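Chain by chain, the residues run as shown.
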Amino acid sequence: MGDETSTSASGSAQEPAAPAVQGAGSVKQQISNLVALSLHATVPEVDVEPIVEVCTGKFGDYQCNNAMGLWSKVKGSGTSFKNPNAIGQSIAKNLPACDVIESASVAGPGFVNIVLSKSWVAKRIQDMLVNGIKTWAPILPVKRVVLDFSSPNIAKEMHVGHLRSTIIGDTLARMFEFSNVEVLRRNHVGDWGTQFGMLIEFLFEKFPNWEELGSQAIGDLQLFYKASKQRFDDDAEFKDRAQQAVVRLQGGEEKYRAAWKKICEISRNEFDQVYKLLDVQLEEKGESFYNPYIPQVLEKLSSQGLIEESEGARVIFIQGHQIPLIVVKRDGGFNYASTDLAALWYRLNVEKAEWIIYVTDVGQQQHFDMFFKAARMAGWLPDPKEKKFPKTSHVGFGLVLGADGKRFRTRSTEVVRLGDLLDEAKSRSKSELLQRLTENGKIVDWTDEELEKTSKAVGYGAVKYADLKNNRLTNYTFSFDQMLSDKGNTAVYLQYAHARICSIIRKSNMDVEELKVSGNISLAHPDERVLGLYLIRYAEIVEEACTNLLPSVLCEYLYNLSEMFTRFYTNCQVVGSPEEPSRLLLCEATAVVMRQCFQLLGITPVYKL
């Protein structure tokens, strides 16, 4: 569940309810409902959760793996079962009769292999086509989540280092939202640090009439920041004035507050341009928002005896860590830990969040480990072993590297501006698209608007997918050539796969919307069944990606789905075949699921390439 987490809640075992197998939730959840009933009938005296996994062998689609665990609990207790296999046989026999399961068999020490009914799989796909992909949303054990992501520092530019936090956080938010969870998308921007004294004092010095000049006084905020930092480092007298300016700002002096607001406004407008390009929605609640809550939160912790004096600072000693968590600095100022504790208190008590998720680089793992433990010491969070809510998770991610294996930078060793990176991706995408269309003579079929929209969708999508497909904990090498390739596991390849499916449907000249209502899906051919079975696994894939906070799980599914469709299309003629209506519906279902995957990944699908 992230790097440091109060682990996933699965709930305690309860009396099995009637199986809602035709209702909402993933197929795996529905099979688990049936297995729960069987387990209750098989060993009514034992309280046990179903263990159901996707079957990797050729003897079933799903597998119940409870028998061996049950045998260890009941052997020697006068049970009539002779071995785990006998328990497995009983579990298979006690599975309720329904239209979901075609057959069940037992292998080895009680593994129950379950084969799904082809007609039920087909019906589930057709129901989705009629009622929408939202009917395949998984059921998660939370109702409200706070996702803390992106979080750049005011007055500093968003660069490639912010890319991962922003798009990983956005994809997690989209997946939870698809799963009917309320997501509070929080941008915890750094808008209250010591750099503001430096910036404000520099502004007053350079432009005494800054209020008349407005944004023009600052101009390029990045250059302004660098100039003020140089002044801060070189001039001790200016440094003293800057530090006094922080005190005046935090004390609420109007002149300083007004300058602070103007700097934040300029910076925020620059952030918003990048968020618009990335199609990312966030609600800003920066460090300054939580500042008024810090004293009362620290007072609560002090009254519990958690805060101690140490070398002039106020700290919380955390078991397992050699250094303490500093919550008040020697000079009496607050820091990240005090702000984070106040923010967590607010999120738990005011926003009533059940799961608070922080998306930052892995370098902050120790901070979050200490911060979460402090919250548990205060009784705000349960012990992770209890698997209860509320809980917290740190979603760590690795670095973006250049071709030299070092942190990705420009030739001048500057960090790469995120806006420039996205513009470059779109430009390269457009060049390759123009070349391809010119070579195959199809350029005449494209308008300038179509070229622009497609280049943007393919270019931005390539950048996002190249990041999200990796396990987020690892570093990855940024390469335009690799991410814009139309071969292998890339967004460009997947966009082509989706566009090809759309082309097949167009060429059929059949009304797919009418077919959804009047036609029927048949899964007679083995490759039809494999594709159909993988399609209906969509909900449990989203569930897994949400539970483990891993967008890469969804990327892997999307790529595998495109490969399975290719195998189906190679071996099963669609247009002009007797099975054309059924196979067109399978094509449409694949396109719908691919589009939903793209949507969750924040990628705009294209319909022709």
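Parameters at a glance
- Residues numbered from 1 in each chain as written.
- Predicted model: local features only at pLDDT ≥ 70, side-chain atom pairs only at ≥ 80, totals over all residues.
- Heavy atoms only, no water.
- Helix = DSSP H or I, 4+ residues; strand = E, 2+ residues; numbered from the N terminus.
- Buried < 20%, exposed > 50% of the residue type's maximum accessible area, 1.4 Å probe, protein only.
- Contact = heavy atoms within 4.5 Å.
- Areas by Shrake-Rupley, 256 points an atom, 1.4 Å probe, with all protein chains shown as cover.
- Axes fitted to C-alpha atoms, helices over the stretch in contact; angles between N-to-C directions.
- Parallel < 35°, antiparallel > 145°, perpendicular 65-115°, else oblique.
- UniProt positions renumbered as here; feature names shortened; annotations may be inferred.
- Phe/Tyr/Trp six-rings, centres within 6.5 Å; stacked < 30°, edge-to-face > 60°.
- Polar contact = N/O pair within 3.5 Å; in protein donor to acceptor, adjacent residues only side chain to side chain.
- pLDDT = per-residue confidence, 0-100.
- Pairing = 2+ DSSP bridges.
- 1 Å grid on protein atoms, 1.4 Å probe; cavity = no way out; pocket = protein on both sides within 12 Å on 5 of 7 lines; lining within 4 Å.
- Points joined across faces, edges and corners; volume = space filled by probe spheres on them.
- Expected span 1.5 Å × (residues − 1).

Caption draft 1: Summary view of the overall build of the protein. If you tally the helices and strands in the protein, you get 24 helices and 14 strands. Along the longest, intermediate and shortest principal axes, the C-alpha atoms of the protein span 80 × 75 × 40 Å. Expressed as a percentage of its 609 residues, the buried residues of the protein come to 52%. Sequence separation of 24 or more characterises 74% of the internal contacts of the protein that already satisfy a separation of 6 or more. In the structure as shown, the protein presents an accessible area of about 27400 Å², 49% of it carried by carbon and sulfur atoms.

Caption draft 2: Representation of the packing of helix α5 (residues 160-178) against helix α24 (residues 580-600). Contact geometry for α5 and α24: axes closest at 8 Å, N-to-C directions at 130°. One way to sum up the angle between α5 and α24 is to call them oblique. Here T171, R174, M175 and F178 of α5 lie close against α24, whose contacting residues are Q596, Q599 and L600.

Caption draft 3: Looking closely at the UniProt feature "domain: Arginyl tRNA synthetase N-terminal" (unreviewed entry) in the protein. When the UniProt feature table is mapped onto this chain, "domain: Arginyl tRNA synthetase N-terminal" (unreviewed entry) is found at residues 29-116. Measuring from the first to the last C-alpha atom of residues 29-116 gives 14 Å, for a span that is 38% helix and 22% strand.

Caption draft 4: Spotlight on the packing of aromatic side chains. Throughout the structure, instances matching the rule amount to 26 aromatic pairs. Seen from their ring centres, Y358 and F371 are 5.8 Å apart, and the 80° between their planes marks the pair as edge-to-face. Placement of Y358 in strand β11 (residues 355-361) and of F371 in helix α15 (residues 365-377) is noted, with a sequence separation of 13 residues between them. With respect to class, Y358 is no different from F371; both count as buried.

Caption draft 5: Layout of the side chain of S479. Counting through the fold element by element, S479 comes out in the loop between β14 (476-477) and α18 (480-483). Classification of S479 as buried rests on a relative accessible area of 19%. A polar contact of 3.2 Å, which involves the side chain of S479, links it to the backbone nitrogen of Q482.

Caption draft 6: Examining the confidence of the model for the protein more closely. Looking at the protein as a whole, its pLDDT mean stands at 91, while 95% of the residues score no less than 70. When the criterion is pLDDT under 50, residues 1-22 qualifies, and its contacts beyond four places in sequence or with other chains add up to 67 contacts.

Caption draft 7: Structural context of the sheet that holds strand β5 (residues 144-148). Within the open sheet, the five strands sit side by side as β7-β6-β5-β11-β12. Their pairing is parallel. Each end of this open sheet is capped by a strand with a single partner; those strands are β7 (283-284) and β12 (391-397). Inspection of the sheet shows β5 paired to β11 by four bridges, in the parallel sense. Looking at β11, one finds that L147 is bridged to I357. Packing of helix α14 (residues 336-349) onto the sheet brings it into contact with β5, β6 (182-187), β11 and β12, and relative to β11 it is tilted by some 145°.

Caption draft 8: Region of interest: the side chain of T339. Position of T339 among the secondary structure elements: in helix α14. Other than its neighbours up to four places away in sequence, T339 contacts H188, E287, Y290 and I294.

Caption draft 9: A look at the layout of surface pockets. Within this model, the second largest pocket holds a volume of roughly 1400 Å³. Surrounding the second largest pocket, 50 residues form its lining, N153, E157, H159, G161 and H162 being those nearest its centre. Elements with a minimum of two residues in the lining of the second largest pocket: α5, α9 (221-234), α14, β11, α15 and α16 (418-439). The greatest single-element share of the lining of the second largest pocket, amounting to six residues, is contributed by α9.

Caption draft 10: Summary view of the sheet that holds strand β9 (residues 313-316). Here three strands make up an open sheet; going across it, the order is β8-β9-β10 and the pairing antiparallel. A single partner strand is all that each edge strand has here, and the edge strands are β8 (308-310) and β10 (325-328). The mean inter-strand angle of the sheet, taken between neighbouring strand axes irrespective of direction, is 50°. Where β9 and β10 come together, three bridges link them in antiparallel fashion. Its bridge partner being in β10, R314 is matched across the sheet by V328. Contacts from α14 reach β9 and β10 within the one sheet, and its direction differs from that of β10 by about 80°.

Caption draft 11: Spatial organisation of helix α6 (residues 195-206). Helix length check: α6 (twelve residues) gives 17 Å between terminal C-alpha atoms against 16 Å at 1.5 Å per residue, within 8%. With respect to burial, α6 is a largely interior element, ten of its twelve residues being buried. Every buried residue of α6 is listed here: Q195, F196, G197, M198, L199, I200, E201, F202, L203 and F204.

Caption draft 12: Quick peek at helix α23 (residues 551-571). Relative to the 30 Å expected for 21 residues at 1.5 Å per residue, α23 spans 31 Å between its end C-alpha atoms, a close match to the ideal helical length. Of the residues making up α23, those classed as buried are P551, S552, V553, L554, C555, Y557, L558, L561, S562, M564, F565 and F568. For α23, the secondary structure elements touched by its buried residues are α5, α17 (448-468), α19 (491-508), α21 (526-535), α22 (538-547) and α24.

Caption draft 13: Fine view of unusual backbone geometry. With omega at 0°, the peptide bond leading from F389 into P390 counts as cis. Looking at where P390 falls in the secondary structure, it is placed in the loop between α15 and β12. Despite not being glycine, S151 has its phi angle at roughly 50°, a positive value. Assignment of secondary structure puts S151 in the loop between β5 and α5. Here S151 falls in the partly exposed class, since its relative accessible area comes to 24%. In this structure, E311 is a non-glycine residue whose phi angle is positive, near 55°. Assignment of secondary structure puts E311 in the loop between β8 and β9.

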